[in-house]
Amino acid sequence: MSQSTKLLEPYKLGPLTLPNRFVMAPLTRNRAEPGSFVPSPLAVDYYGQRASAGLLITEASQVSQQGQGYQDTPGIYSKEQVAAWRKVTDRVHERGGHIFIQLWHVGRISHTSLQPNGGAPVAPSAIRAKTKTFVNGTFADVSEPRALELSEIPGIIEDFKRGTANALAAGFDGVEIHGANGYLLDQFAKDGTNKRTDAYGGSIEKRAQLMLEVSKAVTIEAGAERTGIRISPVTPANDVSDSNPQPLFDYIVDQLNALKLTYIHVIEGATGGPRDIAPFDYASLRKRFKQAYVANNGYDFALAEKVLEAGAADLIAFGKPFISNPDLVERLKAGAPLNDWDKATFYGGGAKGYTDYPTLKATEAAE
């Protein structure tokens, strides 16, 4: 690829000037310290190695113990977690990078062994997901959830607000709200998982309310210019569905635009799967939202260039290519081949498949 590629152009994102239009997508790696759920020292190296991306978004990080759904995922609710994340942000900033944390509540995609006092996971409605989670070193069916009481919902919003304050204390440049992939906020928004008849169920406006209330609380804490959100209008991930996603997400994005969030991060199609799984007009979201549009799902350099040239997105998120290529940006600049990734080391483990993928410079030096 030529040096003139749009992926390599700088981009102004709120108060930040990103050196390029690469975004490292949030990637769950299950390597936080068991019990305390603080990012391990290896995480400092992992994110630091990838600091040449225009923007790094961390793996999803739960805003409370109740928000955890998989073993050994990091949190952002304790002082110890904040201190450990500070080491990550310091390393990324030392290397000239920018980093947001993704704030997460999994809702029903959890297991009693991870929940406070072994309780049931929470959800908009007591409907068990037909999916598995990763606990105790293996994949297990998720547990039966219970429906959140109306009185509990302000506490969920407060958890996101506290997570935001903690993220800023840890030195993050901003936060991304996880509103995608069949987790709690997505579960409330979509009618396949939300059968409530109170203020948070029924109409599009009511189902979208929790996602929007969380977004408002987070923007008040961080500033809209440091707040993004991830959405996935048609993904079937984690057994989530909606009977009519276009008007739902047109409405949600109109409201997010009114809040002036700095970006929407849109999974186009099925998360990690086909881009064309269901008809959806992503251009409608692009038109409705005046800030940055981050496109995600199955992008290679050629598709990224095409979409950027057409003005259909501002930034492109890459996932698996960043796992195996810490220097993905440099490889594009050099027109160099990419390292293959090893799926067996995606989740859990140590340095192998995490911090030991070679850079182009290291490979050339070894030859």
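Just so it is clear, the model here is predicted, and its values are computed rather than measured.

K.L.:
What should I look at first to understand unusual backbone geometry in this one?
P.N.:
Trans peptide bonds make up most of the peptide bonds, and negative phi angles are found at most residues other than glycine. Of note, the phi angle at aspartate 72 is positive, near 60 degrees, even though the residue is not glycine. Residue aspartate 72 is classed as buried on the basis of its relative accessible area of 15%. Even without being glycine, lysine 260 reaches a positive phi, approximately 65 degrees. Along the polypeptide, lysine 260 turns up in the loop between helix 7 (245–259) and strand 12 (263–267). We classify lysine 260 as exposed; its relative accessible area is 54%.

K.L.:
Would you take a moment to explain the environment of asparagine 297 for this structure?
P.N.:
Tracing the backbone through its elements, the reader meets asparagine 297 in the loop between strand 13 (292–296) and helix 9 (301–309). Of the residues examined, asparagine 297 reaches a relative accessible area of 5% and is grouped as buried. Spatially, the C-alpha atom of asparagine 297 lies 17 Å from that of tryptophan 341, the residues being 44 residues apart in sequence. Sequence-distant contacts of asparagine 297, defined by excluding residues within four places in its chain, comprise Ile267, Glu268, Gly269, Ala270, Thr271, Gly272, Gly273, Pro274 and Arg275.

K.L.:
How should the pattern of salt bridges be read in this particular structure?
P.N.:
When charged atoms on two side chains of opposite charge get close, those side chains can pair. Across all of its chains, the model carries 17 salt bridges by this definition. Of the charged contacts, one joins glutamate 152 and arginine 146 as a salt bridge, the two residues approaching to 2.8 Å between their closest N and O atoms. A residue is classified by how much of its surface remains accessible, and arginine 146, at 33% relative accessible area, is partly exposed. With a shortest N-O distance of 3.4 Å, arginine 288 and aspartate 250 are connected by a salt bridge. Here aspartate 250 lies in helix 7 and arginine 288 lies in helix 8 (residues 282–288), a separation of 38 residues in the sequence. The network of salt bridges with common partners includes Lys6, Glu9 and Arg21.

K.L.:
Which parts of the structure should I look at to understand the packing of aromatic side chains?
P.N.:
Within a pair of aromatic rings, the relevant descriptors are the distance that separates the centres and the angle that separates the planes. Throughout the structure, instances matching the rule amount to 16 aromatic pairs. On the basis of an interplanar angle of 50 degrees and a centroid distance of 4.9 Å, the ring pair of phenylalanine 280 and tyrosine 282 is categorised as tilted. For the pair phenylalanine 280 and tyrosine 282, a shared accessibility class is recorded, and that class is buried. Each residue in the set Tyr46, Tyr47, Trp85, Phe172 and Tyr354 is aromatic and connected to the rest through ring pairs, giving one cluster.

The rules behind each value
The numbers attached to residues start from 1 for each chain and follow its sequence in the written order. In keeping with the model being predicted, local features are shown solely for residues with a pLDDT of at least 70 and side-chain atom pairs are shown and tallied solely at 80 or more, while totals for entire chains, interfaces and linings include all residues. Only hydrogens and water are set aside; all other atoms, that is, all heavy atoms of the structure, feed into the side-chain values. The classification of residues rests on relative accessible area computed with a 1.4 Å probe and restricted to protein chains. Under 20% of the type maximum is buried, over 50% is exposed, and intermediate values are partly exposed. Numbering of helices and strands starts at the N terminus; helices are DSSP runs of H or I of at least 4 residues and strands are runs of E of at least 2. Throughout, a contact is declared for two residues whenever any of their heavy atoms are within 4.5 Å. Any carboxyl oxygen of Asp or Glu within 4 Å of a side-chain nitrogen of Lys or Arg constitutes a salt bridge here. Under the pairing criterion, centres of Phe, Tyr and Trp rings, with the six-membered ring standing for Trp, must be within 6.5 Å; the plane angle then separates stacked pairs below 30 degrees from edge-to-face pairs above 60, leaving the rest tilted.

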